[in-house]
Amino acid sequence: MTERGFGGRRIRLVQGDITRCPADAIVNAANSSLAGGGGVDGAIHDAGGPSIMEELDRIRGQGCPTGSAVMTGAGDLPAKHVIHAVGPRWRGGGKGEEQLLASAYLSSLRLAEKAGAAVVTFPSISTGIYGYPVEKAAPVALGAVSEFLKAEAKAVREAQFVLFDRFTFAAYEAALGAL
Ligand code: AR6
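This one's a predicted model, so the numbers in the text were calculated from it and none came from an experiment.

(A) Geometry of the overall build of the protein chain. In terms of regular secondary structure, the protein chain is built from 5 helices and 7 strands. Counting from the amino terminus, helix and strand elements in the protein chain follow one another as β-β-β-α-α-β-β-α-β-α-β-α. Relative to its length of 179 residues, the protein chain is compact, with a C-alpha radius of gyration of 15 Å against a globular reference of 16 Å. The C-alpha extent of the protein chain, read off along each of the three principal axes, is 40 × 35 × 30 Å. The buried share of the protein chain, taken over its 179 residues, is 52%. Of the roughly 7,900 Å² that the protein chain leaves accessible, carbon and sulfur atoms contribute 51%.

Structure below.
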């Protein structure tokens, strides 16, 4: 299943590069020092240009603990905002990873809602460099986002997961069908 409705809103799964998908807000899989990095974070800064890091330099003092998010402009990306969310590193599953991962998605959606964003794109937070097994992360991500769409969303109409590779896409497809 690649698309599913939740209370008049929807989740869509797409395979591709998140920096090329138009949205109102693009979520980045960042780290708590907001210092940039590899993976999708590197791709977002490369495609968005230096204004995103300049803005992060100004707000870095506020901090961004694991499970939270901050918002900046989107520079040259096809979006208005970038939401920098910090997912957990996988440490075996007994260190609150599931709640922290859900919290990274919910914090992002709350910022998107405040900004009046209708379409929000997400990567698969934590399942790259942070090592969270994707078959465990996908149901947590989709569960948190679908609950938000059912219970809290006003501005947000569509959450799109832009998944980079076939394996990740397949894991989300299975989890969306099983929700
Ligand atoms: N579009 C969509 N997804 C992508 C893209 C892209 N252009 N590039 C990679 N992915 P990761 P994490 C996928 O490692 O695990 C950074 O250094 C990737 O295949 O980007 O949360 C940060 O600064 C994987 O499925 O994020 C942090 O230090 C998913 O995005 C740390 O990595 C997430 O992989 C965060 O690690």
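(B) The sheet that holds strand β6 (residues 119–122), seen in detail. Here we have 7 strands laid out as an open sheet, ordered β1-β2-β7-β6-β3-β5-β4, and mixed in their pairing. Lying at the two open borders of the sheet, with one neighbouring strand each, are β1 (3–6) and β4 (69–73). If you compare each strand with its neighbour and ignore which way they point, the axes differ by 20° on average. Strand direction decides the pairing type here: strand β2 (residues 9–15) and strand β7 (residues 158–163), joined by 6 bridges, are parallel. If you follow Leu 13 over to β7, its bridge partner there is Phe 161.

(C) Unusual backbone geometry, seen in detail. Positive phi, close to 55°, is recorded for Leu 34, a residue that is not glycine. Phi at Ser 126 takes a positive value of approximately 75°, unusual for a residue other than glycine. Within the secondary structure layout, Ser 126 lies in the loop between β6 and α4 (134–151). With relative accessibility at 5%, the residue Ser 126 sits in the buried group.

(D) Quick peek at the pattern of salt bridges. Scanning the model with the defined rule gives 9 salt bridges in all. The shortest N-O distance in the salt bridge between Glu 147 and Lys 150 comes to 3.3 Å. Taken together, the residues Glu 147 and Lys 150, both in helix α4 and 3 residues apart, mark about one turn of the helix. By relative accessible area, Glu 147 is classed as partly exposed at 45%. When salt bridges that share partners are traced, they join Glu 3, Arg 10, Arg 12 and Glu 158 into one network.

(E) Spatial organisation of the pairing of β6. Along β6, one buried face is formed by Val 119 and Thr 121 and the opposite face, lined by Val 120 and Phe 122, is buried too. Sheet topology note: the β6/β7 ladder contains 4 bridges and is parallel. Across the sheet, the residue bridging to Phe 122 is Phe 161, located in β7. In this region the chain leaves β6, passes through α4 and returns to the parallel neighbour β7; the handedness of that crossover is right-handed.

(F) Quick look at the packing of helix α1 (residues 39–48) against helix α2 (residues 51–59). Running from amino to carboxyl end, α1 crosses α2 at an angle of 115°, the nearest separation of the two axes being 7 Å. Relative to α2, α1 is oriented roughly perpendicular. The segment α1 lies against α2, with Ile 44, His 45 and Gly 48 engaging Ser 51, Ile 52, Met 53 and Leu 56. Grouping the amino acids of the contact of α1 with α2 by side-chain chemistry returns 4 nonpolar, 3 polar and no charged.

(G) Structural context of the packing of helix α3 (residues 97–114) against α4. Taken N-terminus to C-terminus, the directions of α3 and α4 make an angle of 35°; their axes are 9 Å apart at the nearest point. Taken as a pair, α3 and α4 cross one another with a handedness that is right-handed. Contact residues: α3 offers Glu 98, Leu 101, Ala 102, Tyr 105, Leu 106, Leu 109, Arg 110 and Glu 113, while α4 offers Ala 137, Val 140, Ala 141, Ala 144, Val 145 and Phe 148. Residues belonging to the contact of α3 with α4 are distributed by class as follows: 11 nonpolar, no polar and 3 charged.

The rules behind each value
Each chain carries its own residue numbering, running from 1 in the written order of its sequence. A pLDDT threshold of at least 70 governs which residues receive local features in this predicted model, and a stricter bar of 80 or more applies before side-chain atom pairs are shown or counted, although totals over entire chains, interfaces and linings include all residues. Hydrogens and water molecules were not included; the side-chain quantities draw on all heavy atoms of the structure. Secondary structure is summarised from DSSP: a helix means a run of H or I of at least four residues, a strand means a run of E of at least two, and numbering begins at the N terminus for each. The globule rule used for comparison is 2.2 Å times the number of residues to the exponent 0.38, while the radius of gyration itself is calculated over C-alpha atoms. Each residue's exposure class comes from its accessible area (1.4 Å probe, protein chains only) as a fraction of the maximum for that residue type: buried when under 20%, exposed when over 50%, partly exposed otherwise. Accessible surface area values rest on a Shrake-Rupley calculation with a 1.4 Å probe, where residue burial reflects the displayed protein chains alone. By this definition, two strands are paired if DSSP reports at least two bridges between them. Axis lines are fitted through C-alpha atoms, for helices just across the contact stretch, and the angle between N-to-C directions can take any value from 0 to 180 degrees. When a carboxyl oxygen of Asp or Glu is within 4 Å of a side-chain nitrogen of Lys or Arg, the pair counts as a salt bridge. Orient the strands so they point away from the viewer; a crossover is then right-handed if the path from the first strand over the helix to the second runs clockwise. Convention used here: angles under 35 degrees read as roughly parallel, angles over 145 as roughly antiparallel, angles from 65 to 115 as roughly perpendicular, and any remaining angle as oblique. The contact criterion used throughout is that any non-hydrogen atoms of two residues lie within 4.5 Å. By the convention adopted, Pro, Cys, Tyr, Trp, Phe, Met, Ile, Leu, Val and Ala count as nonpolar, Lys, Arg, Asp and Glu as charged, and the other residues, Gly among them, as polar. Each crossing is labelled by how the near helix is turned from the far one, with a counterclockwise turn of less than a right angle marking it left-handed and a clockwise turn marking it right-handed.

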